[in-house]
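Chains, contacts and geometry: an overview
Residues per chain are reported as follows:
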Amino acid sequence: MEKIITQLQETLGTEKVLTAPVDLVAYSFDGTFEQQLPDVVVLSESTADVVAVVEIAAREGVPIVPRGMSSGLAGGSIPMPGSIVLSLTRMNHILEIDEENMTATVEAGVIAVDLEAAAAKRGLFYPPDPSSNKQSTIGGNIACNAGGPRCLKYGVTGDYVMGLKVVLADGRVLETGGKPIKNVVGYDLTSLFIGSEGTLGIITEALLRLLVQPGFVHTSRAEFLSLEDASRTVNAILRAGVVPATLELMDETAIACIEEAMQLGLPLDVEAMLIIETDGSDEAAVEREIETVARVCRENGARKVSVAQDEAERARLWRARRSVSPSLARRAPNKLGEDITVPRSAIPEAIRRIKAIGTRYGLPIVVFGHAGDGNLHPNVLFDRRDPEQWAKVEPIVGEIFQTALDLGGTLSGEHGVGVFKLPYVEHALGATSLDVQRRIKQALDPLNILNPGKVLPDM
Amino acid sequence: MMSNETSVKDVNETTMSADEETRHCVRCGLCLSVCPGYRESLNETDSPRARVALVQAITEGVLDAPNERYAGAFFRCLLCGACTFVCPSGVAVDRILELTRGDLAEQGLLPEALAELDARIAQYRNISAEENEGRLIWVDNLPAPPTGLGKEQAEVAYFVGCVSSFFPRSYQVPQALVQIFDRTGVDYALLGGSEWCCGYPMFINGEMDKARDLIRHNVEAVQAMGVKKIVFSCASCYHFWSHSYPTALGVNDLEDDLGIEVMHATEFLADLLEAGALPLQGDEDVREQVVTYHDPCDLGRKGGVIEAPRRVLAQLPGVRLVEMAENRDSSHCCGGGGNLESFAPEVGQAVAGSRIRQAAETGAKTLISACQQCERTLANAARAERIRVRVKDVAELVLDALDEAQSSEGD
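Residues numbered from 1 in each chain as written. Chains lettered and ligands numbered in written order. Predicted model: local features only at pLDDT ≥ 70, side-chain atom pairs only at ≥ 80, totals over all residues.

**Details of the sheet that holds strand E2 (residues 40-43) of chain A**
All names here are of chain A.
- As summarised here, the arrangement of the four strands in space is E1-E2-E4-E3, forming an open sheet in which the pairing is mixed. On the outer flanks of this sheet lie strand E1 (17-18) and strand E3 (64-67), each paired with one strand and no other.
- Strand direction decides the pairing type here: E1 and E2, joined by two bridges, are antiparallel. Along E2, the bridge assignment pairs Leu18 with Val41.
- Along the sheet, helix H3 (residues 47-60) contacts E2, E3 and strand E4 (84-87); its crossing angle with E4, the most-contacted strand, is approximately 165°. (Pairing = 2+ DSSP bridges. Helix = DSSP H or I, 4+ residues; strand = E, 2+ residues; numbered from the N terminus. Contact = placed C-beta atoms within 7 Å. Axes fitted to C-alpha atoms, helices over the stretch in contact; angles between N-to-C directions.)

The following block contains the structure:
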C-alpha cells in the first residue's frame with residue numbers, strides 16, 4: 001500500500017492525500033453504525049483527479065470506494081480494508097444552469113439543497129428532495145437513486161438525470177445522454193449508472209432536468225387515533241383525484257421521538273400523523289386540492305386536520321419530518337432503518353405485520369415514510385452492546401424483507417443495497433436477473449476494484 | 001459579598017463524559033451542512049461528525065492515545081455551536097469539545113500557539129501582552145473625557161473586553177458606547193486596569209483552571225464598585241460571564257445570588273431607546289440606509305440575544321434591515337471564534353470570506369454586528385475579498401443617529 005500512497009501523492013500532491021489515522025477514522029463510516037478504516041483517502045477536485053486515482057488503483061488492483069457526504073443508510077460507502085476512499089465533496093461546482101433548456105450541469109459533489117436554491121433563484125425547480133438533502137451530494141443521490149417526500153408527484157432522482165460523466169474502471173471517461181429530451185441511439189447507459197452505488201463507474205458530473213417552480217404550496221397535517229385509518233386515508237386521497245406533492249406518514253413512536261428532541265408541540269396521543277402537501281402554479285387549484293385532502297382525511301377518521309398558515313409553520317412541519325430518523329437516537333443507541341416498498345394498497349397490511357414482528361421480538365420498530373408511494377421506513381431500535389438485542393436484529397430485518405416480498409414489494413425504495421441488504425438480494429431479484437447484473441458488473445469492472453462487495457452478493 | 005474562599009465547582013462533575021455524550025450520534029451528517037470549517041475545507045476530518053467519531057475511536061481502541069493530529073482536529077474548530085444547535089439527535093457537540101479539549105490540555109496536547117496565548121493572559125491579564133493598565137487608551141481621542149472614568153462607585157459597570165481595549169481598529173466601539181452613556185446620563189464606571197481578561201480564551205483552550213483567578217478577580221472588582229448591572233460590548237465576554245461564571249463561582253445565577261445583572265450592550269441600548277431616553281429624529285427627516293445584521297455566535301445562537309440588536313435597529317430613523325441567508329440562531333460564524341486566529345488563521349479567514357459574501361448578496365452597504373471580534377474579522381475579510389461593505393457596531397450606528405439629531409437641532 002505504501003507504494004500506492006506514494007504514487008497518489010506524486011500524481012495528486014500531498015494535500016489531497018490523507019493517511020493519518022485521524023483522517024482514516026473520519027472517512028470510515030456512513031449514516032449507519034458500521035465502520036471500517038480505509039488505507040488512504042483522496043480528496044479529488046476534478047475528473048482528472050478521479051481518472052488518476054482509478055488508473056493507479058487499476059494498475060495495482062486496489063479497491064476504490066467513492067464517497068460523497070456519506071449520509072447513506074445502507075453501508076454503500078463504508079470502506080473495506082486496503083481500500084482507497086475517493087471523496088468527491090470538493091467537486092462542488094454548479095457548472096451551468098441553462099434557463100432555456102431548463103437543465104443544470106453540476107459536478108458530483110454539489111449538495112442537493114444548493115442546486116435546489118440555485119435553480120430557485122431563476123424560478124426553476126429541482127424536485128428530488130431526499131430527507132438528507134442538506135448533507136448529501138448529487139453524485140451520491142444519483143448513485144443511490146435517492147427518493148424523498150416529493151417523489152409521489154415528481155419522481156425520484158433518476159427521473160431528472162439526462163446525462164452523466166463517468167470515470168470507468170480502466171480510467172476512460174464516458175459521457176452519456178445530453179440535452180435533447182428524446183434520445184434512443186444505443187442502450188440507455190445513463191440509466192445503467194443510476195442506482196449503481198459506485199460499483200460500475202464513478203460519476204463526476206451530471207446533466208439534470210429542471211422544472212418551473214410550482215409557485216403555490218399548501219401543507220396540512222392530519223392526526224389519526226388509529227394507524228390503520230391513516231394508512232387507509234393515503235389511498236383514499238389518491239382515489240379522490242388529488243396527487244399531492246408529498247404524502248408522509250409517521251407513527252406514534254416517530255412523533256414522540258421528534259417531540260422529545262425538538263419540542264414542536266406535536267400531538268402525543270395519536271397513533272399516526274400524515275403530512276400532506278399540494279402544490280402547483282394555479283393558486284385556486286392548489287387550495288381546492290388541499291381542501292379535498294382535508295375532507296378525505298376527516299371522512300377517514302382524522303381527529304384533526306390543520307393547514308399550515310405561513311412559511312414558518314410549514315418549515316417547522318418539514319423540519320419535524322426530516323428529523324424523524326436522527327431523532328430516534330433519543331430512544332436507543334442504535335437503529336437500523338429499512339426502506340421497503342410495497343404496492344400502495346398493501347400499506348395497512350405491511351404496517352400491521354411490521355408492528356407484529358416488533359412485538360414478537362420485543363424490540364421497538366418505528367414506522368414512517370413516504371406512504372404515498374408505498375415506501376416505508378421501518379426502523380428497528382436497539383442497543384448493539386446488548387448481545388441479546390443485537391442477535392434479534394438480523395432475524396427481524398429478514399422478516400421485514402420477507403413481509404415486503406410477500407406483499408408484492410421489494411427491499412429498497414431509495415436507500416440502495418449497500419452491504420446491509422446483500423443477503424436478501426438474490427431472493428428479491430431471482431437468479432436470472434442476478435446473473436445478468438453480475439455480467440454487467442464484470443463487463444464494466446473486470447478487476448472488481450469499484451466498490452467491491454456492494455450491491456451484488458459474491459458468487 | 002463573596003469571599004476569596006468561595007468554592008469553585010468543577011464544571012465537569014455533574015454531567016456525562018465526552019464518550020457518553022457521543023452515544024446519541026447517528027452519523028446522519030446534518031452537522032456538516034452548517035459547520036463553517038467543514039464548508040470551507042470540505043474535508044470530513046474538520047467536521048463535527050468526525051470529532052464525535054474520533055472520541056469513540058479512542059474509547060473503542062480503534063485509535064491509540066491522542067496525539068498532536070488528534071488534538072488538532074479538536075482545536076481547529078470555531079466553537080460557533082451551529083452543530084449542537086442543528087443536531088436532531090440532541091448531541092451536545094459543544095460539551096464534547098469542551099471536555100475533550102480539557103483532557104487534551106491536561107495531557108500536554110494543547111497546541112503551542114494556544115498554550116502561549118493562555119500564558120500571556122496569565123501574565124498580563126489580557127490577550128495582547130501589553131500592560132493591563134493601558135486598557136483605557138481609547139478614551140484619549142474622545143471629544144470629552146467619559147464620565148465613567150475613574151469612578152469608584154456606580155450603578156453600571158462597563159466591561160470593555162480585551163479586543164476593544166487593545167486593538168486600535170476596535171476603539172470606536174467603546175468610544176461610541178460611552179458617548180451614548182454620557183448623553184443619556186447613565187451612571188456607569190469604567191474598570192480600567194482592574195478589568196482582567198474574562199477568561200474565555202483559557203476556557204475554550206481546555207484550561208478552565210487557569211481562568212478561575214481571572215473570574216474571581218473580575219467579580220470582586222465589580223462588586224467593590226457596588227454595581228447592579230454589568231454591560232458588555234463584547235459578545236464573548238458576555239457569553240462567558242452569563243454561561244460559565246455562575247458555575248465557576250458555585251452559584252446558580254449572578255443576579256439572584258450576587259445581585260449583578262449581566263447585560264449585553266444591545267439589550268441595554270434597546271431598553272434606553274424604547275424608554276425614549278435617546279433624542280432621535282423622525283424617519284422622514286433622514287435618508288434611508290440599508291444594513292444587514294450579523295448575529296455573533298456567542299451572542300445569538302449561544303447567548304440567546306437575538307432580538308435586542310434588531311429592536312435597536314428598528315428604532316433608528318432611516319435604517320432598513322435586510323437579513324442574510326443565514327441569520328438569527330442559524331447565523332454563520334464570522335470566522336473569528338475559537339482562538340483560531342492564534343492557532344489556524346487560514347480557517348477563520350476562509351469562513352470570514354464566505355460570510356462577507358453573504359452580506360454583500362443582500363445588497364446592504366453596511367454590515368452591523370454587536371461583537372468587536374466579529375467586526376474586526378469581517379472588516380478584514382471585506383478588504384481581502386475587495387467587497388465594498390462597511391462594518392460597524394450597533395453602538396456606532398446609534399451614535400450616528402444621535403449626532404444627526406443633534407446637528408439638525410442646531411440648524
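What follows picks up the thread again.
**So, the interface of chain B and chain A**
- Contacts between the two partners involve 25 residues from chain B and, on the opposite side, 29 residues from chain A.
- For the side of chain B that touches chain A, the secondary-structure elements that each account for two or more residues are helix H2 (30-34), helix H4 (48-59) and helix H5 (68-75) of chain B.
- With four residues, the single largest contributor to the side of chain B that touches chain A is H4(B).
- In terms of residue class, the side of chain B that touches chain A is made up of 14 nonpolar, seven polar and four charged. (Nonpolar A, V, L, I, M, F, W, Y, C, P; charged D, E, K, R; others polar.)

**Quick word on the pairing of strand E8 (residues 390-393) of chain B**
All names here are of chain B.
- Along E8, the buried face is formed by Val391 and Asp393; none of Arg390 and Lys392, which line the opposite face, is buried.
- For strand E7 (residues 366-369) and E8, the ladder comprises four bridges, and the chain directions are parallel. Along E8, the bridge assignment pairs Thr366 with Arg390.
- Between E7 and its parallel partner E8, the chain crosses via helix H20 (residues 372-384), and the hand of that crossover is right-handed. (Buried ≥ 20, exposed ≤ 12 C-beta atoms within 10 Å, placed from the backbone. Right-handed = clockwise from strand over helix to strand, strands pointing away.)

**Examining the sheet that holds strand E4 (residues 261-264) of chain B**
Residue and element names in this part refer to chain B.
- Overall, parallel pairing links the four strands, which are arranged E2-E1-E3-E4 in an open sheet. Of all the strands in the sheet, just strand E2 (188-190) and E4 have a single pairing partner and so form its edges. Mean inter-strand twist for the sheet, computed between neighbouring axes without regard to direction, equals 30°.
- Across four bridges, the pairing between strand E3 (residues 229-232) and E4 is parallel. Looking at E4, one finds that Phe232 is bridged to His264.

**Some remarks on the pairing of strand E12 (residues 216-224) of chain A**
Residue and element names in this part refer to chain A.
- Most of E12 sits out of view: seven of its nine residues are buried.
- As paired elements, E12 and strand E14 (residues 272-280) share nine bridges and run antiparallel to each other. Residue Glu223 lies in a different strand from E14, and its bridge partner there is Met273.

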